[in-house]
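For reference, the chains in residue letters:
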Amino acid sequence: MSLMSNQIFSYTNHSRFTDPEIFVSGNNDIVYNKDGKQYFDCNSGLWNVNFGYNNPSYADSFNTDIHFYPTHFWSSTDVTELAAKTICEHFGYNRVFFGHSGSDAIDSAIYISKYYNSKSNVLAYKDAYHGSNTQAQVFDSYKTLVDAVNNQTSAVLIEPMMVTKGVIEFDTEVLQQLFELKKLYNFNIIFDETVTGLGRADYSFDWKPDILITSKGLTNGLFPLSAVMVNESIGNYIKNTDSVFSHGYTMSGHPIACQTLLKTIELLNTVNNKNTQEQFITQLKKYNLDYTNRGLVFGIKVNDGIYVRRELQKEGYLIRQHNDVLLFVPMFTANAKNYIKFFEKVATF
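First things first, this report covers the structure right here in the doc. Model, not experiment: these values are computed from the prediction. (Residues numbered from 1 in each chain as written. Predicted model: local features only at pLDDT ≥ 70, side-chain atom pairs only at ≥ 80, totals over all residues. Heavy atoms only, no water.)

**As for the overall build of the protein chain**
Tallying secondary structure elements over the protein chain gives 10 helices and 17 strands in all. Over its C-alpha trace the protein chain gives a radius of gyration of 21 Å, about what one expects of a compact globule, namely 20 Å for 349 residues. Across its three principal axes, the protein chain shows a C-alpha extent of roughly 60 × 55 × 45 Å. Residue burial in the protein chain is summarised as follows: out of 349 residues, 50% are buried. In the protein chain, the share of contacts with a sequence separation of at least 24, taken over all contacts with a separation of at least 6, comes to 68%. When the accessible surface of the protein chain is totalled, it reaches about 17000 Å², and 48% of it is carbon and sulfur. (Helix = DSSP H or I, 4+ residues; strand = E, 2+ residues; numbered from the N terminus. Rg over C-alpha atoms; globule rule 2.2 N^0.38 Å. Buried < 20%, exposed > 50% of the residue type's maximum accessible area, 1.4 Å probe, protein only. Contact = heavy atoms within 4.5 Å. Areas by Shrake-Rupley, 256 points an atom, 1.4 Å probe, with all protein chains shown as cover.)

**Regarding the sheet that holds strand 16 (residues 320-322)**
Strand order in the open sheet formed by 4 strands is 13-14-17-16, with antiparallel pairing between adjacent strands. Both edges of this open sheet fall to strand 13 (291-294) and strand 16, since each of them pairs with a single strand only. Strand-to-strand, the axes of this sheet are offset by a mean angle of 20°, without reference to chain direction. Across 3 bridges, the pairing between strand 16 and strand 17 (residues 325-328) is antiparallel. In the strand pairing of strand 17, Arg320 is matched with Leu327. Set on the sheet, helix 9 (residues 305-314) makes contact with strand 16 and strand 17; between it and strand 16 the angle comes to about 175°. (Pairing = 2+ DSSP bridges. Axes fitted to C-alpha atoms, helices over the stretch in contact; angles between N-to-C directions.)

**Comments concerning helix 10 (residues 340-348)**
Every buried residue of helix 10 is listed here: Phe342, Phe343 and Val346. Around the axis of helix 10, the buried residues are gathered within 90° of arc, so they sit on the same side. Next to the buried residues of helix 10 lie helix 8 (273-286), strand 14 (297-301), helix 9, strand 15 (317-318) and strand 17. (Arc of directions from axis to C-beta.)

**Remarks on the pairing of strand 13**
For a regular strand, side chains alternate in direction, first toward one face of the sheet and then toward the other. Direction of pairing for strand 13 relative to strand 14: antiparallel, over a ladder of 4 bridges. Within the sheet, the bridge partner assigned to Asn293 lies in strand 14 and is Phe298. Counting the residues in the hairpin turn of strand 13 and strand 14 gives 2 residues, including Gly295, whose phi is positive at 55°.

**Some details on the environment of Pro330**
Mapped onto the elements of the fold, Pro330 is located in the loop between strand 17 and helix 10. Of the residues examined, Pro330 reaches a relative accessible area of 0% and is grouped as buried. C-alpha separation for the pair Pro330 and Asn43, spaced 287 residues apart in sequence, amounts to 6.1 Å. When neighbours within four sequence positions are excluded, Pro330 is seen to be in contact with Cys42, Ser44, Arg200, Phe280, Leu296 and Phe298.

**Some points on the environment of Ser141**
Along the chain, Ser141 falls in the loop between strand 6 (137-139) and helix 4 (142-148). The class of Ser141 is partly exposed, set by a relative accessible area of 27%.

**Topic: the nonpolar core**
Counting 85 residues, the largest nonpolar core has Leu178 and Phe342 as the members making the most contacts within it. The leading source of residues in this core is helix 7 (residues 255-267), at 7 residues. If we ignore the near neighbours within four places in the chain, the residues touching Phe342 are Cys42, Ile300, Leu312, Tyr317, Ile319 and Phe328. Counting 18 residues, the second-largest nonpolar core is a separate cluster that includes Phe97, Ala155, Leu157 and Ile234. (Core = buried A, V, L, I, M, F, W, Y, C linked by side-chain atoms within 4.5 Å.)

**Section: the packing of helix 3 (residues 102-117) against helix 6 (residues 232-240)**
Two numbers describe how helix 3 lies on helix 6: the axes approach to 10 Å, and their chain directions differ by 70°. It follows that helix 3 is roughly perpendicular to helix 6 by the angle criterion. Residues Ile112, Tyr115 and Tyr116 of helix 3 lie in contact with helix 6, whose contacting residues are Ser233, Ile234, Tyr237 and Ile238. (Parallel < 35°, antiparallel > 145°, perpendicular 65-115°, else oblique.)

**Structural notes on the pairing of strand 4 (residues 95-99)**
Along strand 4, 4 of the 5 residues are buried, which leaves the element largely enclosed by surrounding structure. Sheet topology places strand 4 next to strand 12 (residues 226-230); 5 bridges connect them, and they run antiparallel. When the bridges of strand 12 are listed, Phe97 appears paired with Val228.

**Let's talk about unusual backbone geometry**
Of note in this structure, Asp202 is not a glycine but carries a positive phi near 55°. Following the sequence through the fold, Asp202 ends up in the loop between strand 10 (188-192) and strand 11 (211-214). Among the residues examined, Asp202 registers a relative accessible area of 12% and is labelled buried. Phi at Asn288 is positive, roughly 55°, even though this residue is not glycine. Residue placement: Asn288 occurs in the loop between helix 8 and strand 13.

**What to know about the packing of helix 2 (residues 78-91) against helix 7**
For the pair helix 2 and helix 7, interaxial distance at closest approach is 8 Å and the crossing angle is 40°. Here helix 2 runs over helix 7; the crossing is left-handed. In contact with Val79, Thr80, Leu82, Ala83, Thr86, Ile87 and His90 of helix 2, helix 7 contributes Pro255, Cys258, Gln259, Leu261, Leu262 and Ile265. Class assignment for the residues of the contact of helix 2 with helix 7 results in 9 nonpolar, 4 polar and no charged. (Left-handed = near helix turned anticlockwise from the far one by under 90°. Nonpolar A, V, L, I, M, F, W, Y, C, P; charged D, E, K, R; others polar.)

Below, the structure is given as structure tokens:
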């Protein structure tokens, strides 16, 4: 006998929903429900379990001498300080603010930009994700976005790869134009690489935004964490200005999260994502599938996204979709050979 769940589920029409599927275990990119059914996880959790479920490399991540201290009030822990230093060095930034998720990281990045330049307006493009509290002015076209830039612009918020809306890459010519306008109007460019940062696609190594957001993938899904990194100019301002930085969250800089982040950065040296990407591209081309891609983010176009997603789940593949685009975001540790049947099934649709 089934029981009604007491949860309010994210992005769910509850009138069409009875009982949740209960997952009980996982290993690398495979998860099992309570009935023993096996699925390949094409989502990497929610794009954050990059190194697989129950990865033994993380076994010691929770062994810290202090499990929590409110590190954002003039205090810290050794592991939090090391994590801040390590992630800033990895990306080439000056300082980092730790939060909980990509959503709150957007709010933090906007706060930091306004704190730094005392300007009021933040601009963004419609197909990007804009956080839980949309603080940006959202524009329906690239032209209106560019035309809106002026002396009161504090920042332009850019998601270089807009995953949730169907794996859409931000127009590179417009991006170049915005970097040129930055010289004229002295605003900040914020890259929201919540999904793509730290090994999955990493746009910030080709472009250098003033503020960089990362979140998914930082802790392999083991603990909530986001990182908002700032350049030297903003970092020095925060250090030297006689003004209170009045922003923070209860669990910011949590030592368990930071210990896990250090392990994730270490594990990046153990994978060859370029090779994995090429193996998946080979299969996409073999079956003549229409797709967009950067790094280990793929958008696969189909005729009926909801139907295809449901049919794939019956075949043992969990995947998300936006309209008629499958959001294929495999784990760094995925074996492409295990997905041959997946691409065969997609091709039949």
